[in-house]
Amino acid sequence: MENNNKVFIIAEVAQAHDGSFEKALEYIEALAQTGVDAVKFQVHIADAESSIHEPFRVKFSDRDKTRFDYWKRMEFNLEEWKRLKASCDEKGVEFLASPFSNTAVDLLEKMGVKRYKIGSGEVNNFLLLERIARTGKPVILSSGMSSFEELDAAVNFLRERKMEYSILQCTTAYPTQPGNYGLNVIPELKKRYGVTVGYSDHSAKMETCIAATALGAEILEFHAVFDRNSLGPDASSSLEMEEISQLVNAVKNIRTSLNNPVDKSDSTIFEGLKNIFEKSLSVNKDLPAGHILTFDDLEAKKPKGYGLDASRFEEVIGKKLKKELKKWDFLTEQEV
């Protein structure tokens, strides 16, 4: 992954198009306007990846008798995929896709994709990883269903083939609840593998990706949908367009902050403000010359520099006034 000190933001359409090519184009158009870096699809070729025995993860449609039928309905042909990629190119966003079969990789290679995204369920599919390895292109690996032991095996497989890779923390739950975000895994992945790491989100909440950014995520992925109440296996786990626009701006601000660390040991840049906001010692009542100052005689008033700094109050307690002071007069070194 190229290091350009920004977060690479991926909006996943997945099956939100519900098999409609025109709706897929509409998603590209809308998402390009939010400021994301990539629009991601899933390439499902039913005959190559599934069978009539595959169970539904979520039963949401009466149109499809089997999960296999659903995947059939989600398919686009090569020319349609090429048109979707061309639309991404025209809109200035990267076309990104997850293949779920070697046949899908063959199709994507005909389109000239830049890199591959590996879904959580494919981390142990070394046949697919081998096919992608032979393309020589980078991969982004989601870790949603994998233990560290399984991830280690996949990473070793990729390293043996000298593949460029990055890893996303992910929790495969739809929608993911706060107790299962696993944000703590982001720095653990970075330490364990020493590569670019990120976060793949299914919480349908903006704050999750914002928190991931603050914890060092350099890639963000989330599902996108026009209406979270629409039908579809991922709709309830997705962000809507206005939320995505807000998230993109928030992530840019957080990343700018992380790229510009503040030196808390140096406060000289605040000298002007300190003179305004900080305070000088004064007295809170008329006091005669010779009065021995107590804590109850003192007040602190703006601005700094007209009396002793308020931080020095202990130095004057018990001291004898050299001259009379009126209520609210500043207390300087000449008076004590």
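Criteria and thresholds
- Residues numbered from 1 in each chain as written.
- Predicted model: local features only at pLDDT ≥ 70, side-chain atom pairs only at ≥ 80, totals over all residues.
- Heavy atoms only, no water.
- Phe/Tyr/Trp six-rings, centres within 6.5 Å; stacked < 30°, edge-to-face > 60°.
- Helix = DSSP H or I, 4+ residues; strand = E, 2+ residues; numbered from the N terminus.
- Buried < 20%, exposed > 50% of the residue type's maximum accessible area, 1.4 Å probe, protein only.
- Lys NZ or Arg CZ within 6 Å of the ring centre and 35° of its normal.
- Contact = heavy atoms within 4.5 Å.
- Axes fitted to C-alpha atoms, helices over the stretch in contact; angles between N-to-C directions.
- Parallel < 35°, antiparallel > 145°, perpendicular 65-115°, else oblique.
- Left-handed = near helix turned anticlockwise from the far one by under 90°.
- Nonpolar A, V, L, I, M, F, W, Y, C, P; charged D, E, K, R; others polar.
- UniProt positions renumbered as here; feature names shortened; annotations may be inferred.
- Salt bridge = Lys/Arg side-chain N within 4 Å of Asp/Glu carboxyl O.
- Arc of directions from axis to C-beta.

1. Concerning the packing of aromatic side chains
Aromatic ring pairs are described here by two measures, namely the spacing of the ring centres and the angle between the planes.
Okay, so step 1: Scanning all chains against the criterion turns up ten aromatic pairs.
Okay, so step 2: Their ring planes at 80° and their centres at 6.0 Å tell us that Phe-21 and Phe-76 sit as a pair that is edge-to-face. Of the two residues, Phe-21 is situated in helix α1 (residues 21-32) and Phe-76 in the loop between α3 (67-74) and α4 (78-91); the sequence distance between them amounts to 55 residues.
Okay, so step 3: Of the residues examined, Phe-21 reaches a relative accessible area of 9% and is grouped as buried.
Okay, so step 4: Residue classification places Phe-76 among the buried residues on the basis of a relative accessible area of 8%.
Okay, so step 5: Ring plane angle 20° and centroid distance 5.8 Å describe the contact between Phe-41 and Phe-95, whose orientation is recorded as stacked. Of the two residues, Phe-41 sits in strand β2 (residues 38-43) while Phe-95 sits in strand β3 (residues 94-99), which places them 54 residues apart along the sequence.
Okay, so step 6: Ring-pair connections join several aromatic residues into one group, and the members of that group are Phe-21, Phe-41, Phe-76, Trp-81 and Phe-95.
Okay, so step 7: Across the ring face of Phe-8, the terminal group of Arg-115 is positioned such that the distance to the ring centre comes to 4.7 Å.
Okay, so step 8: Over the face of the ring belonging to Phe-330 we find Lys-301, whose NZ or CZ atom lies 5.1 Å from the ring centre.

2. Describing α3
Okay, so step 1: In terms of residue burial, α3 counts as a mostly covered element, since six of its eight residues are buried.
Okay, so step 2: Within α3, burial applies to Arg-67, Phe-68, Tyr-70, Trp-71, Arg-73 and Met-74.
Okay, so step 3: The secondary structure elements touched by the buried residues of α3 are α2 (46-49).

3. Some thoughts on the packing of helix α7 (residues 148-160) against helix α8 (residues 185-193)
The description of two helices packed together rests on the angle between their axes and the distance between the axes.
Okay, so step 1: At a minimum axis separation of 12 Å, α7 and α8 run at an interaxial angle of 40°. If you check the angle between α7 and α8, you find them oblique. The interaxial crossing formed by α7 with α8 has right-handed handedness. In this structure, α7 uses Phe-148, Leu-151, Asp-152, Val-155 and Arg-159 to contact α8, whose residues at the interface are Val-185, Glu-188, Leu-189, Arg-192 and Tyr-193.
Okay, so step 2: Tallied by class, residues from the contact of α7 with α8 come to six nonpolar, no polar and four charged.

4. Description of the UniProt feature "domain: AFP-like" (unreviewed entry) in the protein
Okay, so step 1: Here, UniProt's "domain: AFP-like" (unreviewed entry) annotation points to residues 280-336.
Okay, so step 2: Across residues 280-336 one finds 7% helix and 14% strand; the C-alpha atoms that close the span lie 15 Å apart.

5. Comments concerning unusual backbone geometry
Okay, so step 1: In this structure, the amide linkage connecting Lys-302 to the following residue, Pro-303, adopts the cis form with an omega of 0°.
Okay, so step 2: By the element assignment, Pro-303 lies in the loop between β11 (298-301) and α12 (313-316).
Okay, so step 3: Of note in this structure, Ala-14 is not a glycine but carries a positive phi near 55°.
Okay, so step 4: Its place among the elements puts Ala-14 in the loop between β1 (8-12) and α1.
Okay, so step 5: The phi dihedral of Lys-162 is positive, around 55°, even though this residue is not glycine.
Okay, so step 6: As for its placement among the helices and strands, Lys-162 is situated in the loop between α7 and β6 (165-170).
Okay, so step 7: With relative accessibility at 74%, the residue Lys-162 sits in the exposed group.

6. Regarding the pattern of salt bridges
Okay, so step 1: Under the counting rule described, the total for this entry stands at 29 salt bridges.
Okay, so step 2: The salt bridge involving Lys-85 is made with Asp-89; its shortest N-O contact spans 3.2 Å. Taken together, the residues span about one helical turn, with Lys-85 and Asp-89 both in helix α4 at a distance of four residues.
Okay, so step 3: In this structure, Lys-274 engages Glu-278 in a salt bridge whose closest nitrogen and oxygen atoms are separated by 2.7 Å.
Okay, so step 4: Look at Lys-274 and you get partly exposed, because its relative accessible area is 22%.
Okay, so step 5: Connected through shared salt-bridge partners, Glu-12, Lys-40, Lys-117 and Glu-221 make up one network.

7. Section: helix α6 (residues 126-133)
Okay, so step 1: Those residues of α6 not exposed but buried are Leu-128, Leu-129, Ile-132 and Ala-133. Buried residues of α6, seen end-on, are gathered within an arc of 140° and therefore sit on one face of the element.
Okay, so step 2: At its buried positions, α6 is contacted by β3, α5 (102-111), β4 (116-118), β5 (139-142) and α7.

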